[in-house]
Amino acid sequence: MKYSIIIKMIFSVWFSLVGVIAWAQLIVNINNGPVQAFSKYDCKPSKRLGKSRLYLNEKVWLKKGDWLVAKAGCHSRRPVSIDVYDRVSGKYVSTNEDTVLHTFGLIRYRSELIFQANRTDTFDVLFNINYKNEIVELENEMNDSYGFYSRSLDTASIDYTIAILNQDWQPKDTSWGFQQRLSYICNNWTAGFSTIPKTYDKNELEKYKKILAYYPTNPVPLDNQMAVSLQLLDHGNKLIYFMYSKDEPYVQAKKLYDELFVKLKAATDKYKISNLSDMRRINELATTYFMVKIPYEKKPFEFYLYEDAGKGFRYLPINLFLYGNKQSAKVIVAIGEGSSDVYDIVY
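Residues numbered from 1 in each chain as written. Predicted model: local features only at pLDDT ≥ 70, side-chain atom pairs only at ≥ 80, totals over all residues. Heavy atoms only, no water.

**Q** Tell me about the sheet that holds strand β9 (residues 109–116), and please be specific about residues and values.
**A** Strand order across the open sheet formed by five strands is β2-β13-β5-β9-β8, with antiparallel pairing between neighbours. Of all strands in the sheet, those bounded by a partner on one side alone are β2 (35–43) and β8 (99–101). This sheet shows a mean twist of 15 degrees between the axes of neighbouring strands, independent of strand direction. Sheet topology note: the β8/β9 ladder contains three bridges and is antiparallel. (Pairing = 2+ DSSP bridges. Helix = DSSP H or I, 4+ residues; strand = E, 2+ residues; numbered from the N terminus. Axes fitted to C-alpha atoms, helices over the stretch in contact; angles between N-to-C directions.)

Here's what the structure looks like:
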């Protein structure tokens, strides 16, 4: 059963947290799932392609039927095209020239290519940009309201994520235990949840003229009492894995919250309990922020993780909420968003 949900976010969580910090044995295996993914950051293209382009190249081995998702973002004001090159035929077999311009953050352009392998072999993935370096006037990000500009050398730097989906590795049922479910979800996060087979509500699209949320075709919640949706945050830049129960009597919702608290505490590396008396957020009855230590190269480039977990590691946030009042409440788990204060819910 699907529950339509819109979640508005505010971004003050990391400055409002006090309370307990604890360590637990790491038992979440982010490699337990259908996705193989890696990311690289601040890469400077150096190889020349034709007269006007520089490119980065990754060699990727695919099995027949595998889905390849390649995503890239450029720190300068330049589009990034992505190509898949077939070494055997000597031809480009997939190309994406469509680049979305964003006017906020460090990433100016974002591109994504999806390709399904027609045979088992090694393919090349190329990330291309115009190589001409120019002195340009860039608006100062810290002084947008004042209209300040600075002159800077427009040298391109690219972040990218490559993810391979084994479509045969899909759950046939949800009889897994908690650890396997959490590992599967975290594994899909390494591709930014973009490889999960999913649908959307066509009626919502027609009514609101945009997709409000996606729904996995094989939803895997942490508990069978919860439904799953993929929420679009940061102006649609990234997908967040949301699990949420129905509204039910407070006692029942609190019981589920407590059960998930115990399980997440045992399965993650670190947790923090928010001090709600300082926040005074409407209908937020309890919140705990759990963290899983993951290698930095497993972090999708579009996700910003605020807490370091030691050299070469970051913390993947898993946020648990009890939302409602003392008569009726629901439980929400958000995976992947490092500043997920739930401010309001409309459903």
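**Q** Provide a residue-level description of helix α1 (residues 178–189), including the pertinent values.
**A** Its 12 residues give α1 an end-to-end C-alpha distance of 17 Å, which sits within 8% of 16 Å, the value for a rise of 1.5 Å per residue. Of all 12 residues making up α1, 10 are buried, and the element is well covered by its neighbours. Residues of α1 that are buried: Phe178, Arg181, Leu182, Ser183, Tyr184, Ile185, Cys186, Asn187, Asn188 and Trp189. Against β2, β17 (238–245), α3 (250–267), β20 (284–295), β21 (313–324) and β22 (328–335) lie the buried residues of α1. (Expected span 1.5 Å × (residues − 1). Buried < 20%, exposed > 50% of the residue type's maximum accessible area, 1.4 Å probe, protein only. Contact = heavy atoms within 4.5 Å.)

**Q** Give me the pairing of strand β7 (residues 91–96): which residues, what numbers.
**A** In this sheet, β7 lies alongside strand β6 (residues 81–86) in antiparallel orientation, the contact comprising five bridges. Looking at the pairing, aspartate 83 lines up with threonine 95 of β7. The hairpin formed by β6 and β7 contains four residues between the paired strands, and glycine 90 there has a positive phi angle of roughly 70 degrees.

**Q** Would you mind going over the pattern of salt bridges in detail, with residue names and values included?
**A** Using the criterion set out here, one finds 12 salt bridges in the structure. Here lysine 270 ties to glutamate 307 by a salt bridge, and the two come within 3.3 Å at their closest N and O atoms. Of the two residues, lysine 270 sits in strand β19 (residues 270–273) while glutamate 307 sits in the loop between β20 and β21, which places them 37 residues apart along the sequence. Sharing partners across several salt bridges, the network here consists of Asp86, Arg119 and Asp121. (Salt bridge = Lys/Arg side-chain N within 4 Å of Asp/Glu carboxyl O.)

**Q** Before we move on, could you go through the nonpolar core and cite the residues and values that matter?
**A** Core analysis: the largest hydrophobic core is formed by 55 residues, its most contacted members being Leu182, Phe193 and Tyr241. Elements that contribute at least two residues to this core include exactly α1, β15 (213–216), β16 (226–233), β17, α3, β20, β21 and β22. Discounting chain neighbours no more than four positions away, the residues touching phenylalanine 193 are Ile185, Asn188, Lys198, Leu230, Leu239, Ile240, Tyr241, Phe303 and Ile335. Counting residues in each nonpolar core, the second largest holds 23 residues, with Leu56, Phe115, Ile162 and Ile164 among its members. (Core = buried A, V, L, I, M, F, W, Y, C linked by side-chain atoms within 4.5 Å.)

**Q** Summarise α3; cite the residues concerned and give the values.
**A** Given a rise of 1.5 Å per residue, 18 residues ought to cover 26 Å, and the 26 Å separating the end C-alpha atoms of α3 matches this to within 8%. Three or more residues of α3 are buried, namely Tyr250, Ala253, Leu256, Tyr257, Leu260, Phe261, Leu264 and Ala267. Down the axis of α3, the sector holding all buried residues measures 145 degrees, keeping them to one side. Facing away from the buried side of α3 by more than 90 degrees, the exposed set consists of Val251, Lys255 and Val262. (Arc of directions from axis to C-beta.)

**Q** An account of the pairing of strand β4 (residues 53–62) is needed here, citing residue identities and associated values.
**A** In this sheet, β4 lies alongside strand β3 (residues 47–49) in antiparallel orientation, the contact comprising three bridges. Looking across to β4, one finds that arginine 48 is bridged to leucine 54. The antiparallel hairpin formed by β3 and β4 contains three residues in its connecting segment, where glycine 50 sits at a positive phi of about 70 degrees. With 10 bridges connecting them, β4 and strand β10 (residues 121–130) associate as antiparallel partners. Across the sheet, residue tyrosine 55 finds its bridge partner in β10, namely asparagine 128.

Interpretation note: all reported values are geometric properties and have no functional meaning in isolation.
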